Amino acid sequence: MTGPDTLRPHLPSPLQELSDPRFARHGLRLLLKRDDLIHPDLVGNKWRKLAPNLTVAAGRGLVTFGGAYSNHLRATAAAGRLLGLPTVGVVRGQELADRPLNPSLARCTADGMRLHFVDRSTYRGKAEPDILARVLRAADAEDMHVVPEGGSNAPAVRGCRALGEELAGRADVVAIACGTGGTLAGLAAGLAPHQRCLGFPVLKGGFLTADIQSLQQRAFGGPRGDWTLDDRFHFGGYARTTPELDAFAEDFENRHGLPVERLYVAKLLYGLVALAEEGVFARGKTLAAVVTGRPFP
């Protein structure tokens with residue numbers, strides 16, 4: 001068997017309450033949705049997005065896309081190793097082909113993923129059918145199931161709806177860090193009508209609203225859920241941090257004994273603390289933060 005159920009995910013993921021004075025003094029409860037505990041190799045939203053694609057793939061290999069530090073590439077490679085499926089990762093940046101692999105890409109190859117590097121112009125056009133076909137031919141991946149960058153497509157979005165259903169009625173505001181927006185698109189669809197979903201994009205550019213709308217259109221035929229984005233907490237963009245963010249994450253770890261992943265989760269938690277201080281949330285509200293990953297390596 002090569003289906004996702006053979007990987008034995010721990011679902012639903014735990015919901016953990018934290019005692020933190022930065023929220024308590026504003027009359028707020030903070031819950032962590034521990035999606036980082038779903039599976040040791042396919043962590044958090046990576047499981048939720050890959051599992052439906054593995055079902056669609058029906059035993060075929062997977063070809064997908066990502067940058068040099070992509071969590072999604074690592075998760076796809078791990079799924080291939082665990083299920084005995086071939087995987088190909090199309091990596092942004094032809095110049096990287098002649099350099100030593102960073103730890104993230106080295107993990108991909110150790111898990112059996114074959115890497116195919118492309119120039120950045122080609123990578124930007126990967127959604128265009130003719131460019132995609134050319135990339136797949138060059139990567140010898142024409143017969144594989146194509147999973148888009150970040151794993152965000154209609155099956156993945158529908159898979160992430162279960163995350164919202166697990167949180168239905170458990171919090172007033174559910175917050176999540178966003179890369180490609182697929183997890184938020186599904187999460188918002190699964191929440192109860194009175195709940196609000198808040199996304200913190202980790203890339204700068206302000207393009208994610210349209211992307212999420214498009215994903216919901218393809219997955220559900222139209223908009224779903226009450227969701228908004230706050231673009232202020234990307235800290236320079238994807239795979240970037242600052243000393244301020246690192247200090248915040250280290251302090252959070254020391255307070256709660258929880259390892260904080262820097263590229264997504266730290267930005268989410270920082271944003272929630274900032275919004276609590278700004279008085280955005282009314283007293284008596286319960287906030288749930290989705291922990292979508294853990295530090296690597």
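What comes next concerns the included structure. Within any chain, residue numbers begin from 1 and follow the written order of that chain's sequence. In keeping with the predicted nature of the model, local features appear solely for residues at pLDDT of at least 70, side-chain atom pairs appear and are counted solely at 80 or more, and the whole-chain, interface and lining totals rest on all residues. The side-chain values count all of the structure's non-hydrogen atoms but skip hydrogen atoms and water molecules.

Here the focus is the pattern of salt bridges. Within this document, salt bridges are pairs made up of a side-chain nitrogen of Lys or Arg and a carboxyl oxygen of Asp or Glu, the two lying within 4 Å of each other. Tallying each qualifying case throughout the model produces 18 salt bridges. The residue arginine 48 makes a salt bridge to glutamate 166 at a minimum N-O spacing of 3.0 Å. Taken together, the positions of arginine 48 in helix 2 (residues 45-57) and glutamate 166 in helix 7 (residues 154-167) put the pair 118 residues apart, joining distant regions of the chain. Note on exposure labels: buried denotes an accessible area under 20% of the residue type's maximum, exposed denotes more than 50%, and partly exposed covers the range between, all computed with a 1.4 Å probe on protein chains only. Exposure remark for arginine 48: the relative accessible area of 4% places this residue in the buried category. Across the salt bridge formed by aspartate 230 and arginine 232, the nearest N and O atoms sit 2.9 Å from each other. Several salt bridges share partner residues, and in doing so they unite Asp20, Arg22, Asp251 and Arg255 into one network. Strands here mean DSSP runs of E at least two residues long; helices mean DSSP runs of H or I at least four residues long; both are numbered from the N terminus.

Here the focus is the packing of aromatic side chains. Centre distance and the angle of the planes are the two values used to describe a pair of aromatic rings. Side-chain rings of Phe, Tyr and Trp, where Trp is taken by its six-membered ring, are said to pair if the distance between their centres is within 6.5 Å; with planes under 30 degrees apart they count as stacked, over 60 as edge-to-face, and otherwise as tilted. This structure, assessed with the given rule, holds six aromatic pairs. On the basis of an interplanar angle of 65 degrees and a centroid distance of 5.7 Å, the ring pair of phenylalanine 200 and phenylalanine 233 is categorised as edge-to-face. One end of the pair, phenylalanine 200, is in strand 8 (residues 196-201); the other, phenylalanine 233, is in the loop between strand 9 (227-229) and helix 10 (243-256), with 33 residues separating them in the sequence. Across the pair, phenylalanine 233 and phenylalanine 200 agree in class, each one buried. Considering the side-chain rings of phenylalanine 235 and tyrosine 270, the 4.9 Å spacing of their centres and the 90 degrees angle between planes classify their relative orientation as edge-to-face. Remark: tyrosine 270 occurs in helix 11 (residues 265-277) and phenylalanine 235 occurs in the loop between strand 9 and helix 10; sequence separation between them is 35 residues. Phenylalanine 235 gets classed as buried once you look at its relative accessible area, which sits at 14%. For tyrosine 270, a relative accessible area of 18% translates into the label buried.

So, about the sheet that holds strand 7 (residues 173-178). Here six strands make up an open sheet; going across it, the order is 1-2-10-7-8-9 and the pairing mixed. Of all the strands in the sheet, the pair left with one neighbour each is strand 1 (15-18) and strand 9. Ignoring strand direction, the axes of neighbouring strands in this sheet form an average angle of 25 degrees. Summarising the sheet, strand 2 (residues 29-33) and strand 10 (residues 286-290) pair through five bridges and their orientation is parallel. Within strand 10, the residue paired with arginine 29 across the bridge is threonine 286. The rule for pairing is simple: two strands pair if DSSP sees at least two bridges between them. Structural elements are reduced to axes, namely lines fitted to C-alpha atoms, with helices fitted over the stretch in contact, and the angle between N-to-C directions of any two is expressed from 0 to 180 degrees.

Attention now moves to the side chain of aspartate 111. Among the structural elements, aspartate 111 can be located in the loop between helix 4 (103-110) and strand 5 (114-118). Taking the relative accessible area as the measure of exposure, aspartate 111 reaches 13% and is therefore buried. Within polar-contact distance, the side chain of aspartate 111 engages the side chain of arginine 81 at 2.5 Å. Those residues in contact with aspartate 111 that sit more than four places away from it in its chain are Ala77, Ala78 and Arg81. We define a polar contact as two N or O atoms separated by no more than 3.5 Å, with the added condition that, inside protein, one atom must be a possible hydrogen donor and the other a possible acceptor, whereas residues neighbouring each other in sequence contribute only through side-chain atom pairs. The contact rule is simple, with two residues in contact once any of their heavy atoms fall within 4.5 Å.

This brings us to helix 8 (residues 182-190). Judged by how many residues are buried, helix 8 sits mostly within the fold: eight of nine residues are covered. Where helix 8 is concerned, the buried positions are Gly182, Thr183, Leu184, Ala185, Gly186, Leu187, Ala188 and Gly190.

How far a helix is expected to stretch is found by multiplying one less than its residue total by 1.5 Å. With 13 residues, helix 3 (residues 71-83) should cover 18 Å at 1.5 Å per step; its first-to-last C-alpha distance of 18 Å lies within 8% of that length. Asn71, His72, Leu73, Arg74, Ala75, Thr76, Ala77, Ala78, Ala79, Gly80 and Leu83 are the residues of helix 3 that are buried. Packing partners of the buried residues in helix 3 comprise helix 2, strand 3 (62-66), strand 4 (87-92) and helix 4. Of the residues flanking the start of helix 3, the one acting as N-cap is serine 70, its side-chain oxygen 3.2 Å from the backbone nitrogen of histidine 72. Positioned one or two residues after helix 3, glycine 84 has a phi angle of 70 degrees, which is positive.

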